[in-house]
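# Commentary on secondary and tertiary structure
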Amino acid sequence: MWRNTCKLLSNPNHNHNLLKSSSYSASNFNVVYGWAPSQATHYYSSPSSATSGSLELGISSHKSDGVRSFSSSSAAVPAVFDHLSSPLTSALQLGRHYSRCYWELSKARLSMLVVATSGTGYVLGSAGSAVDLAGLCWTCAGTMMVASSANSLNQVFEKNNDAKMKRTRLRPLPSRRLTIPHALTWASSVGVAGTAILACKANMLAAGLGASNLILYAFVYTPLKQIHPVNTWVGAVVGAIPPLLGWAAASGEISLNSMILPAALYFWQIPHFMALAYLCRSDYAAGGFKMFSLADASGRRTAAVALRNCLYLVPLGFVAYDWGVASGWFCLESSLLTLAISALAFSFYLNRTTQNARRMFHASLLYLPVFMSGLLFHRVPDNQQSLSEDSLGRITELVPIAQGSENFKPGNQETRSSTGKQARSPASYASAAPFPFLPAPSYATS
């Protein structure tokens, strides 16, 4: 086949005819869509060459003349509308160009993930079963703008680095589809607008968290990527703030319960980014980034860090249940989900291959939406979004009295519950405590 192709291309007459036929089709296409109508008859200015070409192909010359006359007459009608539609066509093309550039500059898919975490935090922070849909929409819109601004500034500062990496060299700034002043104007505009929306439609706490996260991402995390591998942990803090922002927008405060989803986001990001950094080691090295995986030739430490942070996710389901944020079913589902991703992280730790790293990366992509969906589905709607005195008392205070005592001193509480069970001893309670770093329960003296 390759030899026949070479023979076909070596025939100058045949190439000439192919050029004419392709030019004919291209010119008619341009005429139909309003592009350069003057070129429609450019390739037919030489009747002799057209006739000779037709004879060589075995086609009569009068047929080609008929096609030529038909094309010239049919091109007259679109040419009339071309003058009228060209400004509109240019405007549409310009709009599509900038829309595409802004979409890529904002990392829209990543920004929408940030919006999803912020929206989940808003629903969890809403008191009662009712959720203010207008407030939720305004919070998501403001979060989207702030996230788009942060991602745009990130690409402005990393333009030269992105140009050296295969997966980023076609971004708007390295490919010169946008200029840096244009990108800075876009980033500043959406950043200010997003912060203003959060301040006016939510509260100043949410606006402060949004602005702080923008500064932390663009001016701390971004330059740190070229300085020290600790940038991954700083980036995890950046990813943990949006759900806290949503909670603050709904409730106007930050409570202990509001830390459950940010903690999940923080611990989740470490194995997620470790897998990505392991898969893109050559790209990050070419871009000049100081990633944790680049200083770990065997990948053992990278896999160990990923596994350790997966295990940190295990108790979060119990915490959400014990603090009254979600029901007991979420505790079970979260534990099973976390054990599954931990098993993949352990497999990557034992056998550090690209395939196992990719499996862990895909599992991390699946983990987050399933975790947040379960948290929303099993949410306890009547929760007051703070640790109640009863639940706090179960952790820090247990007041027993001597068994068999029938006379109670003033101020003492009952030793038996309505079901008749006795209070547990200090040793048994301490052994059952899931977190040994919590303060030991205090007991009233008899």
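Given the structure is predicted, the values throughout are model-derived calculations rather than measurements.

Another aspect to go through is the overall build of the chain. Each helix and strand counted, the chain has 19 helices and zero strands in total. For the chain, the proportion of its 446 residues judged to be buried stands at 39%. A total accessible area of about 24,300 Å² is found for the chain, and carbon and sulfur atoms account for 63% of it.

Turning our eyes to something else, we now look at the packing of helix H7 (residues 133-157) against helix H10 (residues 204-224). Where H7 meets H10, the axes come as close as 9 Å, and the angle between the chain directions of the two elements is 15°. The pairing of H7 with H10 is recorded here as roughly parallel in orientation. When you trace H7 past H10, the crossing you get is right-handed. Seen from H7, the contacting residues are Val-146, Ser-149, Ala-150, Asn-151, Leu-153, Asn-154 and Phe-157; seen from H10, they are Gly-210, Leu-214, Tyr-217, Ala-218, Phe-219 and Thr-222.

Before going further, it helps to examine the nonpolar core. Ranked by size, the top nonpolar core spans 46 residues in total, and within it Leu-261, Tyr-284, Ala-320, Phe-371 and Leu-375 carry the most contacts. Contributions of two or more residues to this core are made by helix H11 (231-251), helix H12 (260-279), helix H14 (300-312), helix H15 (316-322), helix H16 (328-350) and helix H17 (354-377). Ranked by residues supplied to this core, first place goes to H12 with eleven residues. Beyond its immediate chain neighbours, meaning those up to four positions away, Leu-375 contacts Leu-124, Leu-261, Ala-320, Val-325, Ala-326 and Phe-330. In terms of nonpolar packing, the next biggest core, distinct from the first, is built from 24 residues, Tyr-122, Cys-140, Ala-206 and Leu-209 among them.

So, on to unusual backbone geometry. Its identity as a non-glycine residue notwithstanding, Lys-107 has a phi of 50°, on the positive side. Assignment of secondary structure puts Lys-107 in the loop between helix H5 (76-105) and helix H6 (108-125). The class of Lys-107 is buried, set by a relative accessible area of 18%. Here the phi dihedral of Arg-176 falls at roughly 65°; this positive angle occurs in a residue that is not glycine. With respect to the element layout, Arg-176 can be found in the loop between helix H8 (159-162) and helix H9 (180-201).

Here the focus is the pattern of salt bridges. Side-chain pairing between opposite charges can occur once the charged atoms of the two side chains come close. In the structure shown here, the tally under the stated rule is four salt bridges. We note a salt bridge from Arg-100 to Glu-104, for which the minimum N-O separation is 2.9 Å. Here the residue Arg-100 and the residue Glu-104 both occupy positions in helix H5, the gap between them amounting to four residues, near one helical turn. Glu-104 is paired through a salt bridge with Arg-177; the nearest N and O atoms lie 2.5 Å apart. Within this pair, whereas Glu-104 is found in helix H5, its partner Arg-177 is found in the loop between H8 and H9, the two being separated by 73 residues in sequence.

With that out of the way, let us pick up a nonpolar patch on the surface. Together, Phe-157, Ile-215, Phe-219 and Val-220 make up an exposed nonpolar region whose accessible area comes to about 360 Å². Of all the elements, H10 adds the most residues to the nonpolar patch, at three residues. When you line up the elements, Phe-157 lands in helix H7.

In this section: the packing of aromatic side chains. Per the stated rule, a full pass over the model turns up eleven aromatic pairs. Both rings, one in Trp-233 and one in Phe-292, keep their centres 5.8 Å apart while their planes meet at 75°; by these two values the pair is edge-to-face. Note that Trp-233 is positioned in helix H11 and Phe-292 in the loop between helix H13 (281-287) and H14, a separation of 59 residues in sequence. Using a relative accessible area of 12% as the deciding quantity, one classes Phe-292 as buried. Among the aromatic residues, those joined into a ring-pair cluster are Tyr-98, Tyr-102 and Trp-186. The ring centre of Phe-289 lies 4.6 Å from the NZ or CZ of Lys-225, which sits over that ring. When the ring centre of Tyr-278 is taken as reference, the NZ or CZ atom of Arg-281 above it lies at 3.9 Å.

The rules behind these values
- Residues numbered from 1 in each chain as written.
- Predicted model: local features only at pLDDT ≥ 70, side-chain atom pairs only at ≥ 80, totals over all residues.
- Heavy atoms only, no water.
- Helix = DSSP H or I, 4+ residues; strand = E, 2+ residues; numbered from the N terminus.
- Buried < 20%, exposed > 50% of the residue type's maximum accessible area, 1.4 Å probe, protein only.
- Areas by Shrake-Rupley, 256 points an atom, 1.4 Å probe, with all protein chains shown as cover.
- Axes fitted to C-alpha atoms, helices over the stretch in contact; angles between N-to-C directions.
- Parallel < 35°, antiparallel > 145°, perpendicular 65-115°, else oblique.
- Left-handed = near helix turned anticlockwise from the far one by under 90°.
- Contact = heavy atoms within 4.5 Å.
- Core = buried A, V, L, I, M, F, W, Y, C linked by side-chain atoms within 4.5 Å.
- Salt bridge = Lys/Arg side-chain N within 4 Å of Asp/Glu carboxyl O.
- Patch = residues over 30% accessible without salt bridge, like charges linked within 9 Å, V, L, I, M, F, W, Y side chains within 5 Å.
- Phe/Tyr/Trp six-rings, centres within 6.5 Å; stacked < 30°, edge-to-face > 60°.
- Lys NZ or Arg CZ within 6 Å of the ring centre and 35° of its normal.

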